[in-house]
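Okay, here's what each chain looks like letter by letter:
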Amino acid sequence: MDLEQFRYYTAWHHHANQRSYEAPASPWRLLSVSPAAVEWYHPNLQLNWGLGRVEGGEWDDTSNCSRLRDTVIYRGLSERFQESYAWEDTTLFQCVAEQFEQRETVRGYEDPSEYVKVRCAYLDNLFESIRGDGYRSNAAAYHEMATEDNEFEDAYANHLDPLVAISRTGEIYWVEGYHRFAIASILEIEEIPVYVLCRHEEWQRTRDALSTEPSSSLSSELEKYVQHPDTQDIEA
């Protein structure tokens, strides 16, 4: 899967959504999301089917998710950037070292020392860049990959802004880009730009209702979503 194919699937979903719903969202519209408001990481949604999908079912049940701040990545980055651990002492590196014991490469790296030299150095630079210059979208910041020689690091998803999913109740789940999420959360950045990979069909119906009901007569159930990050494009 490359970025062009990803764009093709994104366009296909947008076309289908325009035919099916009253308030289809532009798939390439960036939402401003507060890291402090996100609790869950969803590891199981397919990335390569494009942005802006609308799916029903039980995928948004939190039993399918993990507490984001309990993940190895978040804990490891917190240890590094809040507690000043050496990389080799972090939960993240310890997990990577265990993976190297089971297979020849991890994330495209051939040994733990290469991982520290390249990947961990990249994360250090990313942290310092965001701390010094503020958080900017990938398009604005032109973030370089850890190494262009590593196909894993140069995958299409790494060139996009972080990806989220939205549950039937409007809760935002992180899907991809959680290194950037963790750094933004650690630095207490108020908002960062994200793309919506997937919306639950019931949440899409909420968007539709907000677009068709006069703002003066919204029910209390709908009114609570007026300030939601994913409803700011809707004109009643």
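Nothing here was measured: the structure is a model prediction, and the numbers come from that model. (Residues numbered from 1 in each chain as written. Predicted model: local features only at pLDDT ≥ 70, side-chain atom pairs only at ≥ 80, totals over all residues. Heavy atoms only, no water.)

Engineer: Help me understand the packing of aromatic side chains in this model?
Structural biologist: Centre-to-centre distance and the angle between the planes together describe a pair of aromatic rings. Under the defined criterion, the tally for this structure stands at 10 aromatic pairs. Relative to Tyr9, the ring of Tyr8 has its centre 5.7 Å away and its plane inclined at 65 degrees; by these criteria the two rings are edge-to-face. The exposed category is assigned to Tyr8, whose relative accessible area is 55%. Both rings, one in Tyr41 and one in Tyr178, keep their centres 4.9 Å apart while their planes meet at 70 degrees; by these two values the pair is edge-to-face. Here Tyr41, found in strand 2 (residues 40-41), pairs with Tyr178, found in helix 6 (residues 178-186); they are 137 residues apart in sequence, far enough to count as distant. Taking the relative accessible area as the measure of exposure, Tyr178 reaches 22% and is therefore partly exposed. (Phe/Tyr/Trp six-rings, centres within 6.5 Å; stacked < 30°, edge-to-face > 60°. Buried < 20%, exposed > 50% of the residue type's maximum accessible area, 1.4 Å probe, protein only. Helix = DSSP H or I, 4+ residues; strand = E, 2+ residues; numbered from the N terminus.)

Engineer: Where do I start with the nonpolar core in this structure?
Structural biologist: Residues Leu77, Tyr115 and Trp174 are the most contacted members of the largest nonpolar core, which totals 44 residues. A total of 8 residues in this core trace back to one element, the largest contributor, which is helix 4 (residues 112-133). In this view, Leu77 contacts Gln82, Trp87, Leu92, Leu123, His179, Ala182, Ile183 and Ile186; residues no more than four positions away in its chain are not counted. Ranked by size, the runner-up nonpolar core spans 14 residues in total, among them Trp59, Leu160, Leu163 and Leu197. (Core = buried A, V, L, I, M, F, W, Y, C linked by side-chain atoms within 4.5 Å. Contact = heavy atoms within 4.5 Å.)

Engineer: I tried to follow the side chain of Thr90 on my own but got confused; where do I start?
Structural biologist: Topologically, Thr90 is positioned in the loop between helix 2 (72-83) and helix 3 (91-102). A polar contact of 2.7 Å, which involves the side chain of Thr90, links it to the backbone oxygen of Trp87. Polar contacts involving the side chain of Thr90 include one to the main-chain amide nitrogen of Phe93, which spans 3.1 Å. Not counting the four nearest positions on each side in its chain, Thr90 is found in contact with Gly76, Glu79, Arg80 and Tyr85. (Polar contact = N/O pair within 3.5 Å; in protein donor to acceptor, adjacent residues only side chain to side chain.)

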